[in-house]
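What follows is the residue order along each chain.
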Amino acid sequence: MSTAHKQFCVPTNKTFKLSSVNTDSTDGFDKKKDAHKKLKDDIEHLFEYQEKLYAQSKYAVLIIFQAMDTAGKDGAIKHVMTGVNPQGVDVHNFRAPNSEEALHDFLRRAAIALPEKGKIGIFNRSYYEEVLAVKVHPEFLTAEKLTEKDPKKVFQQRYEDINNYEKYLTNNGIVVLKFFLHISKEEQKKRLLSRVNHASKHYKVSEQDIITRGFWNDFMKVYEEMLRNTSTDAAPWYVVPSDHKWFTRVVVADVIASTLKELDPEFPKATKDTDALIKKVKHSLMSEK
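Keep in mind the model is a prediction, meaning the values are calculated, not measured.

Basis of the calculations
Residues numbered from 1 in each chain as written. Predicted model: local features only at pLDDT ≥ 70, side-chain atom pairs only at ≥ 80, totals over all residues. Heavy atoms only, no water. Patch = residues over 30% accessible without salt bridge, like charges linked within 9 Å, V, L, I, M, F, W, Y side chains within 5 Å. Areas by Shrake-Rupley, 256 points an atom, 1.4 Å probe, with all protein chains shown as cover. Salt bridge = Lys/Arg side-chain N within 4 Å of Asp/Glu carboxyl O. Helix = DSSP H or I, 4+ residues; strand = E, 2+ residues; numbered from the N terminus. Core = buried A, V, L, I, M, F, W, Y, C linked by side-chain atoms within 4.5 Å. Buried < 20%, exposed > 50% of the residue type's maximum accessible area, 1.4 Å probe, protein only. Contact = heavy atoms within 4.5 Å. 1 Å grid on protein atoms, 1.4 Å probe; cavity = no way out; pocket = protein on both sides within 12 Å on 5 of 7 lines; lining within 4 Å. Points joined across faces, edges and corners; volume = space filled by probe spheres on them. Nonpolar A, V, L, I, M, F, W, Y, C, P; charged D, E, K, R; others polar. Phe/Tyr/Trp six-rings, centres within 6.5 Å; stacked < 30°, edge-to-face > 60°. Lys, Arg positive; Asp, Glu negative; His and termini not counted. Expected span 1.5 Å × (residues − 1). Pairing = 2+ DSSP bridges. Axes fitted to C-alpha atoms, helices over the stretch in contact; angles between N-to-C directions. Parallel < 35°, antiparallel > 145°, perpendicular 65-115°, else oblique. Left-handed = near helix turned anticlockwise from the far one by under 90°.

Colleague: Would you take a moment to explain a nonpolar patch on the surface for this structure?
Modeller: A cluster of nonpolar residues, Leu 277, Val 281 and Leu 285, forms a patch on the protein surface that exposes about 270 Å² of accessible area. Mapped onto the elements, Val 281 comes out in helix α11 (residues 272-286).

Structure follows, in structure tokens:
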């Protein structure tokens, strides 16, 4: 497999086309077992890097997932982060803002959910909905009581605000990784039917899935515009082929593990004060009767 962060990273020159990504791609993996071995290796590396990240408390990592329904966000989070110390990971699911949240700026919800230094934060959907769902349904803007009335200007301003915000985060030691899980309309249909046909999956069935599916082409357009306008050197987007769930997880794990490896977190080095403390504690324990 080619290096994930090169293969699937959206360029920053604003020429990206979503149609250039084959949702059915497995990037050279002919067998699932080879992919499973790769995933297992990366999960082991994640455990090692995350433990050091937590101990060092120098950086934080923010991982953002965006996708159409059934693309595999929940599964990617579950399988990729398995084995990682849950004390060092926070997951936040972002739904439509409530009436109180709508009275604040659109980035506020995200700001109060950011991971602290040493932790990995995961956003299952995010502030990007404000240039996705809201762009497909601009009537949602009414509830936000904005001073700018022209929707085109609103969304252009939001692209700029997001880019500036993510640059601010990286300047403050928060590494931002963004994944768009790209699924085909045909594969989504199969997965929605699977939910309908299996009683154990009925809890996942939602009328909203069908409503959103009716706007498929509109969503593909706004996703492409969003990816073009907000993939930056500071916070790049990765478009992950997602017709095969097992391959989605391999790519996501590869990118996260590669990024943490580049951060090269380390356990804090001992100092003279640390050595003195260790000796004191040891002496106290050994002196107990």
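Having put the structure on the table, let's press on.
Colleague: Help me out: how do you make sense of the nonpolar core in this one?
Modeller: Here is a general trend for soluble globular proteins: nonpolar side chains tend to be buried in one another's company. In this structure, Tyr 127 and Phe 179 are the most contacted members of the largest nonpolar core, which totals 80 residues. Per element, the largest residue contribution to this core is eleven residues, and it comes from helix α10 (residues 245-263). Beyond its immediate chain neighbours, meaning those up to four positions away, Phe 179 contacts Ile 63, Ile 64, Phe 65, Gln 66, Trp 237, Tyr 238, Val 240, Val 252, Val 255 and Ile 256.

Colleague: Please clarify how the environment of Glu 100 should be interpreted in this entry.
Modeller: Its place among the elements puts Glu 100 in the loop between β2 (89-93) and α4 (108-111). Taking the C-alpha atoms as reference points, Glu 100 and Gly 28, separated by 72 residues in sequence, lie 48 Å from one another.

Colleague: What's the story with the layout of surface pockets in this structure? I'm lost.
Modeller: The gaps of empty space that remain are located by a probe, the size of a water molecule, rolled over the atoms. Here the largest pocket is characterised by a volume of approximately 1400 Å³. Forming the boundary of the largest pocket are 44 residues, of which Asp 69, Lys 73, Phe 94, Arg 125 and Asp 209 lie nearest the centre. When contributions to the lining of the largest pocket are tallied by element, the ones reaching two or more residues are α3 (73-80), α5 (133-136), α7 (185-197), α8 (207-213), α9 (216-230) and α10. Partitioning the lining of the largest pocket into residue classes produces 15 nonpolar, 13 polar and 16 charged.

Colleague: Which parts of the structure should I look at to understand the packing of aromatic side chains?
Modeller: What describes a pair of aromatic rings is the distance from one ring centre to the other and the angle between the planes of the rings. Applying the stated criterion across every chain yields a total of ten aromatic pairs. Plain terms: the ring middles of Tyr 127 and Tyr 165 are 6.0 Å apart, the flat faces sit at 90 degrees to each other, and that makes the pair edge-to-face. Taken together, the positions of Tyr 127 in the loop between β3 (120-124) and α5 and Tyr 165 in helix α6 (residues 151-171) put the pair 38 residues apart, joining distant regions of the chain. Across the pair, Tyr 165 and Tyr 127 agree in class, each one buried. For the ring pair Tyr 165 and Tyr 168, a centre distance of 6.5 Å and an interplane angle of 25 degrees mean the geometry is stacked. Residue Tyr 165 and its partner Tyr 168 are located together in helix α6, separated by three residues, close to a single helical turn. Accessibility expressed as a relative area gives 12% for Tyr 165, which makes it buried.

Colleague: Would you explain the side chain of Arg 249 in this entry?
Modeller: As for its position among the elements, Arg 249 is in helix α10. Buried within the structure, Arg 249 lacks any salt-bridge partner; Asp 74 is the closest side chain of opposite charge, at an N-O distance of 9.9 Å. When sequence neighbours within four positions are dropped, the list of residues in contact with Arg 249 reads Leu 39, Gly 75, Ala 76, His 79 and Val 80.

Colleague: Teacher, can you tell me more about α9 here?
Modeller: Along an α-helix, residues three or four positions apart point the same way, because every turn accommodates 3.6 residues. With 15 residues, α9 should cover 21 Å at 1.5 Å per step; its first-to-last C-alpha distance of 21 Å lies within 8% of that length. Within α9, the full set of buried residues consists of Trp 216, Phe 219, Met 220, Val 222, Tyr 223, Glu 224, Met 226, Leu 227, Asn 229 and Thr 230.

Colleague: What is the right way to read the sheet that holds β3 from this model?
Modeller: Strand pairing in a sheet relies on backbone hydrogen bonds. The paired strands run either parallel or antiparallel. Here we have five strands laid out as an open sheet, ordered β2-β3-β1-β4-β5, and parallel in their pairing. Here the strands that pair on one side only, and so sit at the sheet edges, are β2 and β5 (237-241). Each neighbouring strand pair of the sheet contributes to a mean axis angle of 20 degrees, computed without reference to strand direction. In this structure, strand β1 (residues 60-67) lies alongside strand β4 (residues 174-182), joined through eight bridges in parallel fashion. Across the sheet, the residue bridging to Ala 60 is Ile 174, located in β4. Packing against the sheet, α3 makes contact with β1, β2, β3 and β4, and its axis sits at approximately 145 degrees to β1.

Colleague: I keep staring at the packing of α6 against α9 and nothing clicks. Help me out?
Modeller: In the contact formed by α6 and α9, the axes pass within 10 Å of each other and the chain directions differ by 45 degrees. With respect to each other, α6 and α9 are oriented oblique. The crossing of α6 and α9 is right-handed. Contacts from Gln 156, Tyr 159, Ile 162, Asn 163 and Glu 166 in α6 reach Glu 225, Met 226, Asn 229 and Thr 230 in α9. A breakdown of the residues in the contact of α6 with α9 according to their chemical character gives three nonpolar, four polar and two charged.

Colleague: Looking at this structure, I do not really get the pattern of salt bridges. What am I missing?
Modeller: Counted according to the given criterion, the structure contains 16 salt bridges. Taking the shortest distance from any N to any O, the salt bridge between Glu 44 and Lys 40 comes out at 2.9 Å. Of this pair, Glu 44 and Lys 40 both sit in helix α2 (residues 32-56), four residues apart, which is roughly one turn of the helix. Of the residues examined, Glu 44 reaches a relative accessible area of 43% and is grouped as partly exposed. Where Asp 209 meets Arg 195, a salt bridge forms, and the shortest distance between an N and an O atom there is 3.3 Å. Residue Asp 209 is found in helix α8, and its partner Arg 195 is found in helix α7; the two are separated by 14 residues along the sequence. Connected through shared salt-bridge partners, Lys 38, Asp 42 and Asp 254 make up one network.

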